[in-house]
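An overview of the molecular structure
Here's the letter readout for the chains.
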Amino acid sequence: CRTMADWFECKYPGLVSFINAAQSGKDSGWGLAHLEERVLRHCPDLVFLEFAVNDANEENNHVGLVESTTNQQDMVEALRECNPGVEIVMQIMNPLWEHPVNRNLSKRPRLLAYEAIPRRLALHYGLGVLDHGPVWMEFIALDAARLETAIPDGTHPTAAASMTVSWPAVERFLLRAENMLLGAG
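Residues numbered from 1 in each chain as written. Predicted model: local features only at pLDDT ≥ 70, side-chain atom pairs only at ≥ 80, totals over all residues. Heavy atoms only, no water.

**Some thoughts on the sheet that holds strand β2 (residues 87-92)**
Across the sheet, three strands lie side by side as β1-β2-β3; this open sheet has parallel pairing. Edge positions in the open sheet fall to β1 (46-49) and β3 (128-131), since each of these has one partner strand only. Taking each pair of neighbouring strands and ignoring which way they run, the sheet shows an average axis angle of 25 degrees. Bridge analysis of β1 against β2 gives four bridges, and the strand direction is parallel. In the sheet register, Leu46 faces β2, and the bridge partner there is Glu87. (Pairing = 2+ DSSP bridges. Helix = DSSP H or I, 4+ residues; strand = E, 2+ residues; numbered from the N terminus. Axes fitted to C-alpha atoms, helices over the stretch in contact; angles between N-to-C directions.)

As structure tokens, this is what we get:
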């Protein structure tokens, strides 16, 4: 089982509907505007949210810190209204590097402030947090050049790098959550 959809199918055959409602390059304003059609109509039991990277992009998205926070709060509250038992996981993605053409970091001078939003919301609402940063730092600890190979455009990991670095962290997170639920039941 090497993807989240596969993992759920392997662990719970035929019992889980997996929907990827994400859209590349979209910010939290878009996420909130499309929440009903892409997410709420399914009334999910588990949702992973991440908007820091796109909201922080001052060149393309123009979503301020307050607006980003409000958008994500509104999403959390709408999800809980749909399903009070929904598990919501706030994600912080892989590190970026300053690609000479894409200028990934210079477009996001306040990225760390945007990455603090999901952490604050998780504390406030009692949500899970999946921070991919530590596993990526471990991955590049011995060879910093690996970052440029694994994330060639400066923002998006290759599929192979995602499977090597991010997926194991997601799987460990899911297994811990599963063990907690089974231990509680």
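**Quick word on helix α1 (residues 4-11)**
Along α1, the residues classified as buried are Met4, Trp7 and Phe8. Around the axis of α1, the buried residues are gathered within 95 degrees of arc, so they sit on the same side. (Buried < 20%, exposed > 50% of the residue type's maximum accessible area, 1.4 Å probe, protein only. Arc of directions from axis to C-beta.)

**Regarding the packing of aromatic side chains**
In this structure the tally under the stated criterion is four aromatic pairs. Seen from their ring centres, Trp7 and Phe8 are 5.0 Å apart, and the 85 degrees between their planes marks the pair as edge-to-face. The class for Trp7 is buried, based on a relative accessible area of 4%. Phe8 sits in the buried class, given a relative accessible area of 12%. Between Trp7 and Tyr12, the ring centres sit 6.5 Å apart and the planes meet at 70 degrees, which makes this aromatic pair edge-to-face. Through a chain of ring-to-ring contacts, the aromatic side chains of Trp7, Phe8 and Tyr12 assemble into a single cluster. A cation sits over an aromatic face here: Arg146 above Phe139, 3.8 Å from the ring centre. (Phe/Tyr/Trp six-rings, centres within 6.5 Å; stacked < 30°, edge-to-face > 60°. Lys NZ or Arg CZ within 6 Å of the ring centre and 35° of its normal.)

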